[in-house]
Amino acid sequence: PAVTSPCKILKCNSEFWAATSGSHHLGAEEAPEFCTALRAYAHCTRRTARTCRGDLAYHSAVHGIDDLMVQHNCSKDGPTSQPRLRTLPPGDSQERSDSPEICHYEKSFHKHSAAPNYTHCGLFGDPHLRTFTDTFQTCKVQGAWPLIDNNYLNVQVTNTPVLPGSSATATSKLTIIFKSFQECVDQKVYQAEMDELPAAFVDGSKNGGDKHGANSLKITEKVSGQHIEIQAKYIGTTIVVRQVGRYLTFAVRMPEEVVNAVEDRDSQGLYLCLRGCPLSQQIDFQTIRSAQATEGRARRKGPSLPAPPEAFTYETAMAKCREKLPVEDLYFQSCVFDLLTTGDVNFMLAAYYAFEDVKMLHSNKDKLHLYERTRDLAPGNTAPTGTHPALWVALLCLCWLCLL
């Protein structure tokens, strides 16, 4: 089974950035404080050196620290306590508001037309996927899978088993790559892992780099270690990443034009937010939900697996989920499913926050709740939504009787 990287260089980078944002604009009297932060940064990298030997970001950070030590005439000996968190001074590059019009999607592409049509995709829990077309699926997808892959950005998630020997998985790692775009942004990479939700890109920055429209890409920390938001105004996109319990959730709001900006349309089958999970990776949520009600816990198709924790019965799981999700839609049903499968109450919170993100990001408020089927048929099949396989057998038998 996949495991998360023990290399903690992202944490070192984000702590240094948070401690020194704006320090390069300060006078010489502030140099000792900056040197203190550098020594703390160096100490952090030494602590994680053994587990980061093959990590390029780690080696880049080590060389960068040495260069900064020389530039600021810092001694390697001295205090390493972190200085206070700084606020950015007016006019700092992180706060530029004079971005060119091309770096604001609505202004540049839709200046004389109707507002763009926005779509939403989300991934949470065991995991449950809501696609850009409002299809709701419960999937296995263990290992690394691409959520989004278009001309502007790539999003990849890694899902790992929740319990040893179980097919229940949840998102333990997330990588987002924003591709370089005209005079707006340089390429930026964001990575989050279990117990590591940085408020900065991998290179320590919080915006799109040195280009004139850099502020059209920006990270904001909403709740430390639990909730970040990335605004990519140049493509009209908002991304929300949360850590709930041990695992990550993902939600995005994106214009249809950006969603469909794919050069090689033959490769769109790997784009989960657009096409959904492969049929072989989808779980028959309806059948399992019936089993939960009758057997008191979720059972999945396939070889016999170790029983999940018996922390919840079907009735107690229903009651727990109603505390946060009073409407019995698919988010509620996902909550019940996850509690019975994992016994972890944090999956209830993941479903709750996923729905909160839908309320914030979905442009059609009439489609917030979903009640339709959760497993797609193969392309070209057009069975009515929510129809149980047994009913189709009965209908076919009835048709034959009519012919006779």
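Notes on the structure in this doc start here.

Cut-off values and rules
- Residues numbered from 1 in each chain as written.
- Predicted model: local features only at pLDDT ≥ 70, side-chain atom pairs only at ≥ 80, totals over all residues.
- Heavy atoms only, no water.
- Buried < 20%, exposed > 50% of the residue type's maximum accessible area, 1.4 Å probe, protein only.
- Helix = DSSP H or I, 4+ residues; strand = E, 2+ residues; numbered from the N terminus.
- Arc of directions from axis to C-beta.
- Core = buried A, V, L, I, M, F, W, Y, C linked by side-chain atoms within 4.5 Å.
- Disulfide = S-S within 2.5 Å.
- Phe/Tyr/Trp six-rings, centres within 6.5 Å; stacked < 30°, edge-to-face > 60°.
- Lys NZ or Arg CZ within 6 Å of the ring centre and 35° of its normal.
- Pairing = 2+ DSSP bridges.
- Axes fitted to C-alpha atoms, helices over the stretch in contact; angles between N-to-C directions.

## Focus: helix 8 (residues 314-322)
When helix 8 is considered as a whole, its buried residues turn out to be Tyr314, Ala317, Met318 and Cys321. In an axial view of helix 8, the angular spread of the buried residues amounts to 100 degrees, which keeps them on one side of the axis.

## Quick word on the nonpolar core
Counting 45 residues, the largest nonpolar core has Leu147, Ile148, Ile176, Phe178, Tyr234 and Phe250 as its most contacted members. Of all hydrophobic cores here, the second largest spans 22 residues; its members include Phe136, Tyr331, Leu340 and Leu368.

## What to know about the state of the cysteines
If you walk through the whole model with that rule in mind, you get 7 disulfides. Across the disulfide, Cys7 is cross-linked to Cys52 (sulfur-sulfur distance 1.9 Å). Taking the sign of the S-S torsion, about 105 degrees here, the bridge from Cys7 to Cys52 comes out right-handed. Of this pair, Cys7 sits in the segment before helix 1 (9-20) while Cys52 sits in the loop between helix 2 (31-47) and helix 3 (56-71), placing them 45 residues apart in sequence. A residue is classified by how much of its surface remains accessible, and Cys7, at 8% relative accessible area, is buried. Put simply, Cys103 and Cys184 are joined by a disulfide, and their sulfur atoms are 2.0 Å apart. Where Cys103 bonds to Cys184 through sulfur, the torsion about that S-S bond is close to -100 degrees, and the disulfide is left-handed. On the criterion of sequence distance, the pair formed by Cys103 in the loop between helix 3 and helix 4 (105-109) and Cys184 in the loop between strand 6 (169-178) and strand 7 (188-193) is long-range, its members being 81 residues apart.

## Observations concerning the packing of aromatic side chains
Remark: the centre distance and the inter-plane angle together describe each pair of aromatic rings, the angle taken between the planes. Using the criterion set out here, one finds 12 aromatic pairs in the structure. With 4.5 Å between their ring centres and 15 degrees between their planes, Phe16 and Tyr41 make a pair best called stacked. On the criterion of sequence distance, the pair formed by Phe16 in helix 1 and Tyr41 in helix 2 is long-range, its members being 25 residues apart. On the basis of relative accessibility, which here comes to 10%, the residue Tyr41 falls in the buried class. An aromatic cluster is present here, built from Phe124, Phe136, Tyr331 and Phe355 joined pairwise through their rings. Sitting above the plane of the Tyr118 ring, Arg253 keeps its charged end 3.6 Å from the centroid. Positioned over the ring face of Tyr352 is Lys324, at 4.7 Å from the centre of the ring.

## Focus on the sheet that holds strand 9 (residues 227-232)
Pairing within the open sheet is antiparallel, and its 7 strands lie in the order 3-2-1-11-10-9-8. Two strands lie at the open edges of the sheet, namely strand 3 (136-138) and strand 8 (217-223), each paired on one side alone. The sheet shows a mean angle of 10 degrees between the axes of neighbouring strands, direction not considered. Pairing analysis gives 6 bridges linking strand 9 to strand 10 (residues 237-244), with the strands arranged antiparallel.

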